[in-house]
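What follows is each chain in one-letter form.
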Amino acid sequence: MRSEDLNDAQREAVAATEGPVLVLAGAGTGKTRVITHRVARLIGNGVPPADVLAVTFTNKAAREMLGRVRAMLGTKKLAGGPTVCTFHRLGLTILREHAERAERRPGFSIYDQSDGTGVIRDLLEELVAPDGPADPEALQRAVSAHKNAGSAAEPEDAFFARLLERYERDLAARNAFDLDDLIRWPVRLLADKALRRAYHERYRYLLVDEYQDTNQMQYELLRLLVGPARNICVVGDDDQSIYRFRGACRDKILNFKRDFPGAKVVKLEENYRSTNAILRAANAVIAQSATRHAKRLFSRLGE
């Protein structure tokens, strides 16, 4: 790992390996470089690779991160880890290890959105919606939104509550989880203190990419996985949060210091993609947002 590949702010973010850290990475400022260098630095400093968990949103991003770490450290140093994966892959790993606790048998199935819609379509042959024929796809989206909201409260709508209860029973009878269960069930399981302690001992260092795009259940899963040392580093940019329609909670990155008092904040503001004329225009527009972490992007690429 060569520190000369990093600018001063990136170097500061990489070096802050202990305790909670928020890295505010503006567009084009090299956030992936920071995450991969942090992983490499931890392992280079003697942290066992298996103790490091890095979570992102796509398999492509996970493969890219792991590939960069391997290029820096070599395959031999990475024996047994680190774990670099998506939220859903992490949840699936937990469920495979504790299927019976989650009321399933080993070898359970994972239902995608289409499979879940099929289950609801079957249920609508028995359950009659009060307002006439119901749309199975719309109901599947409503079920997904309810699961991702992280609320323990029962739905107020009696028909939807009945449908949800039957849907859950049907999945269990089929020995299946849907995609939302891959986050929701691990959150339930980690309410057990002994199990939670076991994962704290396994994953001593937690890194999270695109933190601004986490939804409520993903946020709750992360909070449960953070051990007493609070070694969590999140990287993201509240100015790039565009996934509210699929449950992303931008307030999580805005409130990181409240959730983790004493957290170190590092801002990555040097942009490697655009010229300053473009960045001045972007800064002027973004500055109009009433709630954001103040950042001002600049470039060495000239005007």
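Since this is a predicted model, take the numbers as computed values, not measurements.

Caption draft 1: Here's a closer look at unusual backbone geometry. The backbone phi angle of asparagine 175 is positive, close to 55°, even though this residue is not glycine. By relative accessible area, asparagine 175 is classed as buried at 7%. In this structure, glutamate 210 takes a positive phi of about 50° despite not being glycine. Owing to a relative accessible area of 23%, glutamate 210 belongs among the partly exposed residues under this scheme.

Caption draft 2: How the structure looks around the environment of valine 47. On the secondary structure map, valine 47 appears in the loop between helix 2 (31-44) and strand 2 (52-56). Between the C-alpha atom of valine 47 and that of aspartate 259, which follows or precedes it by 212 residues, the distance is 25 Å. Residues within four places of valine 47 in sequence aside, it is in contact with Leu42, Val52, Arg204 and Tyr205.

Caption draft 3: Layout of the nonpolar core. One finds Leu90 and Leu206 to be the most contacted residues of the largest nonpolar core, which totals 39 residues. Every element with two or more residues in this core is listed here: strand 1 (21-25), strand 2, helix 4 (87-97), helix 8 (181-189), helix 9 (193-202), strand 6 (205-208), helix 10 (216-225) and strand 7 (232-236). Take this core: its biggest share by element is six residues, from helix 10. Core analysis: the second largest hydrophobic core is formed by 29 residues, Val21, Val34, Ile35 and Val47 among them.

Caption draft 4: Seen up close, the sheet that holds strand 1. Read across the open sheet, the six strands follow the order 3-2-6-7-1-8; overall the sheet is parallel. Either end of the sheet is taken by a strand with one partner, and the two such strands are strand 3 (83-86) and strand 8 (264-268). Along the sheet, successive strands turn relative to each other by an average axial angle of 15°, direction set aside. Taken together, the four bridges between strand 1 and strand 7 define a ladder with parallel strand orientation. Paired with valine 21 across the two strands is cysteine 233, which belongs to strand 7. On top of the sheet, helix 3 (residues 59-73) reaches strand 2 and strand 3; it is set at about 165° to strand 3, its chief contact.

Caption draft 5: A look at the pairing of strand 7. Counting buried positions along strand 7 yields five of five residues, so the element is predominantly enclosed. Neither face of strand 7 is left uncovered, since the one carrying Ile232, Val234 and Gly236 and the one carrying Cys233 and Val235 both have all their residues buried. Where strand 6 meets strand 7, three bridges bridge the pair, whose relative direction is parallel. Across the sheet, leucine 207 pairs through a bridge with cysteine 233, a residue of strand 7.

Caption draft 6: Broad picture of helix 5 (residues 113-123). Those residues of helix 5 not exposed but buried are Gly116, Thr117, Val119, Ile120 and Leu123. Looking down the long axis of helix 5, one finds its buried residues gathered within 155° of arc, a one-sided arrangement. Among the structural elements, strand 4 (109-111), helix 6 (136-149) and helix 7 (158-173) are those in contact with the buried residues of helix 5. Between the side-chain oxygen of the N-cap and the backbone nitrogen of serine 114 there are 3.1 Å, and the N-cap of helix 5 in question is aspartate 112.

Caption draft 7: Just the packing of aromatic side chains, in detail. By the definition in use, this model includes six aromatic pairs. Ring geometry for phenylalanine 57 against phenylalanine 87: centres 5.2 Å apart, planes inclined by 55°, an arrangement best described as tilted. Taken together, the residues phenylalanine 57 in the loop between strand 2 and helix 3 and phenylalanine 87 in helix 4 connect sequence positions 30 residues apart. Ring geometry for phenylalanine 177 and tryptophan 185: centres 6.5 Å apart, planes at 65°, overall edge-to-face. Members of the aromatic cluster, connected to one another through ring pairs, are Phe108, Phe177 and Trp185. It is arginine 104 that lies over the ring of phenylalanine 177; its NZ or CZ is 4.3 Å from the centre. Over the ring of phenylalanine 260 we find arginine 223, and its NZ or CZ is 5.1 Å from the ring centre.

About the thresholds
Residues numbered from 1 in each chain as written. Predicted model: local features only at pLDDT ≥ 70, side-chain atom pairs only at ≥ 80, totals over all residues. Heavy atoms only, no water. Buried < 20%, exposed > 50% of the residue type's maximum accessible area, 1.4 Å probe, protein only. Helix = DSSP H or I, 4+ residues; strand = E, 2+ residues; numbered from the N terminus. Contact = heavy atoms within 4.5 Å. Core = buried A, V, L, I, M, F, W, Y, C linked by side-chain atoms within 4.5 Å. Pairing = 2+ DSSP bridges. Axes fitted to C-alpha atoms, helices over the stretch in contact; angles between N-to-C directions. Arc of directions from axis to C-beta. Polar contact = N/O pair within 3.5 Å; in protein donor to acceptor, adjacent residues only side chain to side chain. Phe/Tyr/Trp six-rings, centres within 6.5 Å; stacked < 30°, edge-to-face > 60°. Lys NZ or Arg CZ within 6 Å of the ring centre and 35° of its normal.

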